[in-house]
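The chain contents come next:
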Amino acid sequence: MSLADCQLDTLLQKYPPAKDSLIPILQDIQKTYRYLPKEVLREVSEKTDSSLADIYSVATFYGQFRLTPVGQHIISVCTGTACHVKGADRVLEAFQKTLNIPEGSDTDVRQQYTIQQVACLGCCTLAPVVQIDGITYGHLTAAKVPAVLEESASIKLSAGISGAGASLAVPKPITSSARIKIGLGSCCQAQGSAKVRDEVVRMINEFGFDAQIEGVGCIGMCHQTPLLQIALPNGVETFYCSVQPDDVAAILFRHFKAKRFWQRVGKRFNTALEHIWSGEIFESPLERFSLHTAGVEVEQFLKPQVRIATEYSGEIDPTDIDDYTAHGGFEAFRRAAAMQPDEIIDTIRAAGLRGRGGAGFPTDVKWTAVKNAAGEPKTVICNGDEGDPGAFMDRMLLESFPFRIIEGMLVAAKAVGAAQGIFYIRAEYPLAVERVRNAIEQCNVRGITGQDMTLTVKEGAGAFICGEETALLESIEGRRGNPRLKPPYPAQSGLFGKPTLINNVETFALVPHIINRIGNDSAPVLTKVFALAGKVQRGGLIEVPLGMTLREIMELSATAQTVKAIQIGGPSGGCIPAALFDTPVNYESLTRLGAIMGSGGLIVLDENDCMADIARYFLRFTQEQSCGKCTFCRIGTRRMLDILDRICEGEGQEGDLEKLETLARQVQAGSLCGLGRTAPNPVLSTLRYFRSEYESHLQGRCPAGKCRSLISYNITDRCNGCTLCRSSCPVEAITGIPYRQHVIDTVKCTKCNQCRSACPQGAIIIRLVR
């Protein structure tokens, strides 16, 4: 097999023959074939500097690449933290059973569907989430899987969310000052905002409403998507939440009049008939989805927040450079251009800015090291591959504020003397990749970048060790990820051995605010962006000032359940119990509690979440991400995971907890990089605060009823014999006749929970085996 005609040669001409081009070459080949055919890989080895061993080393290391053929449709099941606690494992099983995928395989026998697990799709508030051929489906349960498959079968492969919202099919009226704003981030589009946008466009064209439509970035209220905002010339603004295409007409006619007289008369006549028919003469059909900015729910969510990295959230079109400059964009870059590098760094130091990607390393120290390092060219890298499988801040910031991130990178480049910048963005964020590339192109056209400073985008291949910077560099260079000992500063072993500055997305987003505050008497307020997800009613993206307590953050989420803990900091973080929620959120206080700030994933856990299972989940993630260079991380985390597996399976032994704790301390002390040193944090924090749960597991009981080996499903006498549970069971473990109490065969039962979801009587309960 070979690429038709000279297609491979054409592809290879895009890249130099050096080994650092290998990852993008493999990405292009996989886009063509949807996997990497061995015959094509052999041709690549013959026509480039990469040997066949080099190629397979890279292809087998990065999880993005596939070496076997796939089905016509690819199902990506998110197994990130938020999805895990919301039941992603049961959704995965439901897909496997519904499609009759053989055990040990990821593709059905008819080669129609291939299932792959991904660390995070960046839509945590919609958990559990899957993507089918690029279309995102949220809030899934096992029972919804057949309907989702049926719907996806009717959608063309080209109908993915990538690219939607990049341009609007209606011109913006110059004379209109009324604006209709629609959120077009990934979360919004997954809930149908692009369809709402299309219906608004249709209505404007048909009825001639005097309004302009604007696609805007994320407003953070992901629990209310799709969101639509009407901003009238008199200053009155009204939000509408959970809007569907059928709701658009009622909303627009509430605020605008059709230009043609006969259309206005026809609308009133049709509305009157609808009201008479439905009996809603005295009720407004809009009340169910109207959200005023002064409303209690909106105020409770938005008022405590401080918008800096997310300034002008929900107001700026992320695809329009003019909109960004109209809101003060690139003013910080103009100021920095007139400053000396040391002045810029001193300003960053005075603000107290620390890295927002994990450990909170002082930003000015990094910048100073790169500035003073010898070697050219120097590079600034924006790390957009979130190492936290329960976070989506970087994805949202890149989609909603690409010009602000670029401006922060330009300021950093001036400070350290860099002439090139690279965005490293995970491949699972196609909309972020597209919008950043679009923003770079516009900046090049305006002369902001392109000559003295070049910017490019690299798509992450899917495995660069939890955000560890040395491995990120190896990924960009196209080498297999065996990270060296990370030096004190990135400048000492940068990209291709040249001085390199790496900061994460949020860090760069805060830089323009700090530069623009020069000359202001008050110090700049510093904030942290969090992805609030898990067992919450109001999930979404929040930005709060440092020092706000965990309890105050919890009040934003309006959680109804009994909260057991908050998991903060991702795989390197820890679980903080409810008794400590009065702790202020800052780097030092979280470290004292056994957690870290991390990139900003904040997962709320309730009484149905097993802390031993949570610790096992995170340890499995970091164990799989370990590069294997040092023994403590490679072997130590494996032994820890073996013990946790035993405990969760009800096979724990006396002394296991002590062994687990000892191993954790040894891994912390002996690992060479930040991944290994922080990998034990989830285990140590849960042992510290929830030791009784571990002890219960040693006795064969899971208090949360989560660990499958320690629970059973039973039908009580509340059963009325409706047969819904029996018809929903994928393994036919339920028997019974209509109108009589049914019975579950506990031997056949896989504990998939579909019967409990289907039962309208609440007659199916979970019992502890012991």
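As the structure is a computational prediction, the values presented were derived from the model and not from experiment. (Residues numbered from 1 in each chain as written. Predicted model: local features only at pLDDT ≥ 70, side-chain atom pairs only at ≥ 80, totals over all residues. Heavy atoms only, no water.)

Asks: Quick question: what am I supposed to make of the sheet that holds strand 17 (residues 574-577) here?
Replies: Sheets are built from strands paired through backbone hydrogen bonds, the pairs being either parallel or antiparallel. Spatially, the five strands line up as an open sheet ordered 15-14-18-16-17, and their pairing is mixed. The sheet terminates laterally at strand 15 (540-545) and strand 17, the two strands that pair on one side only. The average angle at which neighbouring strand axes cross in this sheet is 30 degrees, direction not considered. Where strand 14 (residues 527-534) meets strand 15, six bridges bridge the pair, whose relative direction is antiparallel. Paired with L532 across the bridge in strand 15 is G540. Docked against the sheet, helix 24 (residues 611-625) engages strand 16 (563-568), strand 17 and strand 18 (601-606), running at close to 15 degrees with respect to strand 16. (Pairing = 2+ DSSP bridges. Helix = DSSP H or I, 4+ residues; strand = E, 2+ residues; numbered from the N terminus. Axes fitted to C-alpha atoms, helices over the stretch in contact; angles between N-to-C directions. Contact = heavy atoms within 4.5 Å.)

Asks: Is there a simple way to explain the sheet that holds strand 13 (residues 500-504) in this structure?
Replies: Across the sheet, which stays open at both edges, the four strands sit in the order 12-11-10-13 with parallel pairing between neighbours. At either end of the open sheet lies a strand with only one pairing partner, and these are strand 12 (454-460) and strand 13. Neighbouring strand axes in the sheet, compared pairwise and without regard to direction, differ in orientation by 20 degrees on average. Inspection of the sheet shows strand 10 (residues 379-384) paired to strand 11 (residues 420-426) by six bridges, in the parallel sense. Pairing of N383 across the sheet is with Y424, part of strand 11. Those strands touched by helix 19 (residues 430-446) are strand 11 and strand 12, and its axis lies near 170 degrees from that of strand 12. The sheet strands contacting helix 21 (residues 505-516) are strand 10 and strand 13, and the helix crosses strand 13 at an angle near 90 degrees.

Asks: I keep staring at the pairing of strand 11 and nothing clicks. Help me out?
Replies: Every regular strand shows the same layout, with side chains that alternate between the two sheet faces. Within strand 11, six of the seven residues are buried, which leaves the element mostly enclosed by the surrounding structure. Relative to strand 12, strand 11 runs parallel, the two being bridged by seven bridges. The partner of I422 across the bridge, within strand 12, is T456. In terms of handedness, the path from strand 11 via helix 19 over to strand 12 forms a crossover that is right-handed. (Buried < 20%, exposed > 50% of the residue type's maximum accessible area, 1.4 Å probe, protein only. Right-handed = clockwise from strand over helix to strand, strands pointing away.)

Asks: Just checking my understanding: could you explain the nonpolar core for this structure?
Replies: Where a protein is soluble and globular, its nonpolar side chains tend to be buried together. Core analysis: the biggest nonpolar cluster contains 86 residues, and W367, I405, F423 and I425 have the highest contact counts within it. Among the elements that line this core, the one with the most residues is helix 18 (residues 402-416), at 10 residues. In this structure I425 touches G384, L398, A432, V433, V436, V457, K458, E459 and G460, once residues within four positions along its chain are discounted. Counting residues in hydrophobic clusters, the runner-up holds 30 residues, among them F301, V563, V585 and A595. (Core = buried A, V, L, I, M, F, W, Y, C linked by side-chain atoms within 4.5 Å.)

Asks: How do you make sense of the packing of aromatic side chains when you look at a structure like this?
Replies: Each aromatic ring pair is characterised by the separation of its centres together with the angle its planes make. Here the structure, examined in full by the defined rule, presents seven aromatic pairs. Consider the rings of F209 and F253, whose centres lie 5.3 Å apart with planes at 85 degrees: the pair is edge-to-face. With F209 in the loop between helix 9 (193-207) and strand 6 (212-216) and F253 in helix 10 (residues 248-255), this pair connects stretches of sequence that are 44 residues apart. Across this residue pair, the class does not change: F209 and F253 are buried. Considering the side-chain rings of Y324 and F330, the 5.2 Å spacing of their centres and the 85 degrees angle between planes classify their relative orientation as edge-to-face. Pair check on accessibility: Y324 and F330 agree, each one buried. Members of the aromatic cluster, each reached through a chain of ring pairs, are F207, F209, F253 and F256. Over the ring of Y587 we find R354, and its NZ or CZ is 4.2 Å from the ring centre. The ring of F530 has K528 lying over it, and the distance from NZ or CZ to the ring centre is 5.5 Å. (Phe/Tyr/Trp six-rings, centres within 6.5 Å; stacked < 30°, edge-to-face > 60°. Lys NZ or Arg CZ within 6 Å of the ring centre and 35° of its normal.)

Asks: What's the story with the pattern of salt bridges in this structure? I'm lost.
Replies: Pairing is possible between side chains that carry opposite charge, provided their charged atoms lie close to one another. Counted according to the given criterion, the structure contains 35 salt bridges. Residues E459 and R437 are paired through a salt bridge, measuring 3.6 Å at the closest nitrogen-oxygen approach. Taken together, the residues E459 in strand 12 and R437 in helix 19 connect sequence positions 22 residues apart. On the accessibility criterion, R437 (39% relative accessible area) is partly exposed. (Salt bridge = Lys/Arg side-chain N within 4 Å of Asp/Glu carboxyl O.)

Asks: I'm lost on the confidence of the model for the chain in this one. Help?
Replies: Regions with low pLDDT carry predicted coordinates that are not meant to be interpreted in detail. Chain-level pLDDT for the chain is 83 on average; 85% of the residues reach the 70-or-more range. No element of the chain has a lower mean pLDDT than helix 11 (residues 261-278), which averages 50, and none a higher one than helix 18, which averages 97. (pLDDT = per-residue confidence, 0-100.)

Asks: Sorry, what's going on with helix 3 (residues 38-47) here?
Replies: Side chains that are three or four residues apart share a direction in an α-helix, a result of its 3.6 residues per turn. All of the buried residues along helix 3 are V40, L41, E43, V44 and S45. Considering only its buried residues, helix 3 is in contact with helix 1 (7-12), helix 2 (22-33) and helix 4 (52-61).

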